[in-house]
Amino acid sequence: MKKFLLALALACAAISPTACTTAPTARVQEVKTLKAVGLAVDGTMQLAAQLYHDGKIDAALWQKIATAHDTQFQPAYRLAVAAVQANLDSVASPDLAALAAQLAALVAPYIAKP
């Protein structure tokens with residue numbers, strides 16, 4: 001069940017905006033909130049740590065994921081949260097969602113398929 005929830009978090013992180021003229025539905029809008037993006041990245045990082053612990057990813061990939069999280073995603077996330085005065089239900093910027101999707105993409109190939 002834990003792997004399913006983490007995979008679901010990765011799937012949420014992978015959703016990124018497209019150049020579509022149709023207005024986003026409420027569901028798509030919710031996926032892009034700061035809270036949803038933050039939770040998806042937390043899940044991605046937990047899964048990456050577990051994959052590293054289990055020997056499914058090597059130290060170099062773990063370092064790449066951790067560095068991207070610490071030096072790219074976290075500063076952007078903190079700035080976004082501060083900009084909306086800690087209202088995590090505000091819509092996340094496309095740039096922040098893209099960073100979350102990049103982290104998820106680094107981990108996704110290593111998820112065991114059922």
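Small disclaimer: the values here were computed from a predicted structure and weren't measured.

A. Just the packing of aromatic side chains, in detail. Scanning the entire structure with this criterion turns up two aromatic pairs. On the basis of an interplanar angle of 15° and a centroid distance of 5.9 Å, the ring pair of Y52 and W62 is categorised as stacked. Placement of the pair is Y52 in helix α3 (residues 34–53) and W62 in helix α4 (residues 59–83), with a sequence separation of 10 residues. For Y52, a relative accessible area of 38% translates into the label partly exposed. Seen from their ring centres, F73 and Y77 are 5.4 Å apart, and the 20° between their planes marks the pair as stacked. Residue F73 and its partner Y77 are located together in helix α4, separated by four residues, close to a single helical turn.

B. Structural detail: α3. When the terminal C-alpha atoms of α3 are compared, their 28 Å separation across 20 residues agrees well with the 28 Å that a helix rising 1.5 Å per residue should span. Taken from the residues just after α3, G55 is the one with a positive phi, measuring 80°.

C. Representation of the confidence of the model for the protein chain within the structure. With 68% of its residues at a pLDDT of 70 or more, the protein chain has an overall mean of 77. For the protein chain, per-element mean pLDDT is lowest for helix α2 (residues 26–31), which scores 47, and highest for α3, which scores 93. Per-residue pLDDT stays below 50 along residues 13–22; that stretch engages in 10 contacts with residues further than four places along the chain or on separate chains. Within the model, the stretch residues 27–31 combines pLDDT values under 50 with seven contacts to residues more than four positions away or in other chains.

Reading the values: rules and limits
- Residues numbered from 1 in each chain as written.
- Predicted model: local features only at pLDDT ≥ 70, side-chain atom pairs only at ≥ 80, totals over all residues.
- Heavy atoms only, no water.
- Phe/Tyr/Trp six-rings, centres within 6.5 Å; stacked < 30°, edge-to-face > 60°.
- Helix = DSSP H or I, 4+ residues; strand = E, 2+ residues; numbered from the N terminus.
- Buried < 20%, exposed > 50% of the residue type's maximum accessible area, 1.4 Å probe, protein only.
- Expected span 1.5 Å × (residues − 1).
- pLDDT = per-residue confidence, 0-100.
- Contact = heavy atoms within 4.5 Å.

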